[in-house]
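# Analysis of the macromolecular model
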Amino acid sequence: MGCSKTLYGIAQECNANVGGIKKAYIANFQEGIFKYTVATGSTEGDIEIPNQITGITSGVTFLPVEFRKGSSSMTSTLNTDQATGLNYVSTEVALAFARQETGKRLAVASMALGGIAMVVVDANNEWHGLGVDEGMFPTAGGAETGTARGDANQYTLTLGDEFRTFPMMLTEDAKAAVKAAAGE
């Protein structure tokens, strides 16, 4: 007998869809940093699917991370193994910061130490929470000057997250809490 679960359908999408991310917020990871709900239909014995982030732990400070349009992205990959029952999602947030300078170098170096939580705002204005159960850590990074005048002079950093499912979106209350925690 299979595991008990609730299935959800997807309606045809008619709204415009824009790729990319436009902003991120970072914080030091701590247990329970994000408050979230479980999907409707989950009952005892069902496989619980985290649904949406409804708030953040009080006292957490989020810092805004901004970058040029079209320079950064977020990719989530479902990892499964039928033989072992393995099922989780790896998400990589690839950030690029134009122009090497001391302030950006310090920010990138501090993020490269890992152990952070992140909220990513995509180009469709959806807010995604990462680092829910454990902190995010770097998977790649670099600094480059390029060779020609038109080449990129930038820092790059890719941070990885592993979670039970795809990144959860934030409710309006959670978005307001992140903005307040960032002093916005």
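Residues numbered from 1 in each chain as written. Predicted model: local features only at pLDDT ≥ 70, side-chain atom pairs only at ≥ 80, totals over all residues. Heavy atoms only, no water.

## Some points on unusual backbone geometry
For R99, which is not glycine, the phi dihedral falls at a positive 70°. Summarising the element assignment, R99 is placed in the loop between β6 (86-98) and α1 (102-112). One non-glycine residue, N125, lies in positive phi territory at about 65°. Summarising the element assignment, N125 is placed in the loop between β7 (116-122) and β8 (127-130). N125 gets classed as partly exposed once you look at its relative accessible area, which sits at 39%. (Helix = DSSP H or I, 4+ residues; strand = E, 2+ residues; numbered from the N terminus. Buried < 20%, exposed > 50% of the residue type's maximum accessible area, 1.4 Å probe, protein only.)

## Observations concerning the pairing of β8
Residues W127 and G129 line one face of β8 and the alternating positions H128 and L130 line the opposite face, and both faces are buried. For β7 and β8, the ladder comprises four bridges, and the chain directions are antiparallel. Counterpart to M118 in the pairing with β8 is L130. In this structure, the hairpin formed by β7 and β8 is closed by a connection of four residues, where N125 is found at a positive phi of approximately 65°. Sheet topology places β8 next to strand β11 (residues 168-170); two bridges connect them, and they run antiparallel. Its bridge partner being in β11, G129 is matched across the sheet by M168. (Pairing = 2+ DSSP bridges.)

## A few points about the environment of I33
Relative to the helices and strands, I33 is located in the loop between β1 (21-28) and β2 (34-38). Overall, I33 belongs to the buried group, its relative accessible area being 0%. Taking the C-alpha atoms as reference, I33 lies 5.5 Å from I56; in sequence the two are 23 residues apart. Not counting residues up to four positions away in its chain, the partners in contact with I33 are A27, N28, G55, I56, T57, V60, F62, A117 and G131. (Contact = heavy atoms within 4.5 Å.)

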